[in-house]
Each structure stands twice: as C-alpha cells, then as structure tokens.
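Each chain, written out:
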Amino acid sequence: MVIASELLQLYNEIISGPVDSDTCISGECVSMLYETSWIKVMVVRYQVAPDTCSIEVEFSFPDCVIEVVFPSPTPAQEQAQKYIESTVDHMKYLIKLKNSGFSLGILSLEGIWSAVIRIKENPDVKLFESLLPP
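Rules and cut-offs
Residues numbered from 1 in each chain as written. Predicted model: local features only at pLDDT ≥ 70, side-chain atom pairs only at ≥ 80, totals over all residues. Heavy atoms only, no water. Core = buried A, V, L, I, M, F, W, Y, C linked by side-chain atoms within 4.5 Å. Buried < 20%, exposed > 50% of the residue type's maximum accessible area, 1.4 Å probe, protein only. Helix = DSSP H or I, 4+ residues; strand = E, 2+ residues; numbered from the N terminus. Contact = heavy atoms within 4.5 Å. Pairing = 2+ DSSP bridges. Axes fitted to C-alpha atoms, helices over the stretch in contact; angles between N-to-C directions. Expected span 1.5 Å × (residues − 1). Arc of directions from axis to C-beta. Polar contact = N/O pair within 3.5 Å; in protein donor to acceptor, adjacent residues only side chain to side chain.

J.: I keep staring at the nonpolar core and nothing clicks. Help me out?
T.: In a soluble, globular protein the nonpolar side chains are often hidden away together inside. Ranked by internal contacts, the top residues of the largest apolar core, which has 26 residues, are Tyr11, Leu33, Val41, Ile55, Phe102, Phe128 and Leu131. Every element with two or more residues in this core is listed here: helix H1 (4-16), strand E2 (28-35), strand E3 (39-46), strand E4 (53-59), helix H2 (74-99), strand E6 (112-119) and helix H3 (125-131). Considering every element that reaches this core, the biggest residue donor is H1, with five residues. With sequence-adjacent residues up to four places away left out, Phe128 is seen in contact with Ala4, Leu7, Leu8, Tyr11, Leu33, Ile55 and Pro123.

J.: Can you walk me through the sheet that holds E4 in this structure?
T.: Two modes of strand pairing occur in sheets, parallel and antiparallel, and in both the strands are linked by backbone hydrogen bonds. What the six strands build is an open sheet, ordered E1-E2-E3-E4-E6-E5; its pairing is antiparallel. Of all the strands in the sheet, the pair left with one neighbour each is strand E1 (24-25) and strand E5 (103-107). As paired strands, E1 and E2 are joined by two bridges and run antiparallel to one another. Paired with Ile25 across the bridge in E2 is Glu28. The sheet contacts of H1 involve E2, E3, E4 and E6, and relative to E2 the element is tilted by about 160°. Each of E3, E4, E5 and E6 is contacted by H2, which is oriented at about 160° to E4, the strand it contacts most.

J.: Would you explain H2 in this entry?
T.: A turn of α-helix holds 3.6 residues, and therefore any two residues three or four places apart point the same way. Taking 1.5 Å per residue as the helical rise, H2 with its 26 residues ought to reach 38 Å, and the 37 Å between its terminal C-alpha atoms agrees with that figure. Those residues of H2 not exposed but buried are Ala76, Ala80, Ser86, Thr87, His90, Tyr93, Leu94 and Leu97. Of the surrounding elements, those touching the buried residues of H2 are E3, E4, E5, E6 and H3. Once H2 ends, the next one or two residues include Gly101, with phi positive near 105°.

J.: Would you mind going over H1 with me for this structure?
T.: The terminal C-alpha atoms of H1 lie 18 Å apart, and with 13 residues this matches the ideal 18 Å at 1.5 Å per residue to within 8%. All of the buried residues along H1 are Ala4, Leu7, Leu8, Tyr11 and Ile14. Along the axis of H1, the buried positions cluster into a sector of 125°, meaning they face one direction only.

J.: I would appreciate a short explanation of the pairing of E6 in the present structure.
T.: Regular strands have side chains that alternate between both faces of the sheet. Relative to E6, E4 runs antiparallel, the two sharing seven bridges. Residue pairing in the sheet places Glu56 in a bridge with Val116 of E6. Note: E5 against E6, five bridges, orientation antiparallel. Each bridged residue has a counterpart across the sheet, and for Leu104 the counterpart in E6 is Ala115. Here E5 hands over to E6 after four residues, with Gly111 in that stretch at a positive phi of 70°.

J.: What is the right way to look at the side chain of Ser54 in this model?
T.: On the secondary structure map, Ser54 appears in strand E4. On the accessibility criterion, Ser54 (1% relative accessible area) is buried. Looking at Ser54, its side chain comes within polar contact range of the side chain of Tyr46, at 2.8 Å. Once residues lying within four places of it in the same chain are set aside, the contact partners of Ser54 are Met42, Val43, Val44, Tyr46, Val116, Ile117, Arg118 and Ile119.

J.: Where do I start with the side chain of His90 in this structure?
T.: Take His90: it is sitting in helix H2. Setting aside residues no more than four positions away along its own chain, His90 makes contact with Trp38, Ile39, Phe59 and Pro134.

Take it as geometry only, folks, not as evidence of what the structure does.
This is the structure:
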C-alpha cells in the first residue's frame, strides 16, 4: 500500500519536470500519481500556466458481475457484500476529499465520480494523507 510521503515525493518529481507538449491534450498534461481498480489519482499540468496544477481523483466501479440466483451460494453473497461495502467506503473517501478542500463532480452517464483541487503552492504531506484510498 502506498503512503502519503511516497505520493508527495512522486508529485514533486512530476511537477519538477517541464510541461511536455508532446504528451498534452488540449493544453493539459496528465500524469498518473496512483491507481487502483477503483480510483485514479492524477496530476494535471497546464501549458499556459505551468506553475499551476491540479490533482484529480476519478472513482469508478470496477467490473463485477454476480448473478442473482436462488438459493444463492454463500461465496457469491459474500463477494456481493464485499463489493457493496467497498463501494460505500469509496463514496466516503470522496466526502473525505471534499472535506479536505476538493471540489466534487459526477459524470453519471460515464459512471465516473470525481474530486479535484487546484494547487498553486507546494502542498504539505497532509494533502497526500487525504488522498490515501480506503
């Protein structure tokens, strides 16, 4: 599992380099900070303002199919319960991000829930502690 100081170190490595126009789309350069099957944490830098960046978190549901049958086998019910509990934990994670200064967004048609914060100064490790996923 990743720790906050590692995220801060990787963030500093990402922002210390030049904004590479070859990897930018519409003026935005996206670098992956951390990824799980549930979330992506990205650093977004801008060609027009290279000293300003944002951290974006995208939460989406990983693929899961548990057919409803009756009687349902115990392992399937346990798997379904675990998936639901993990979903709730990740929803609470988004609320934790909002309480840490992030703005929330929802793209329901695409199944993406997001949080973003704009950074203009060097953030401290507390910001990266809030980024630690459930």
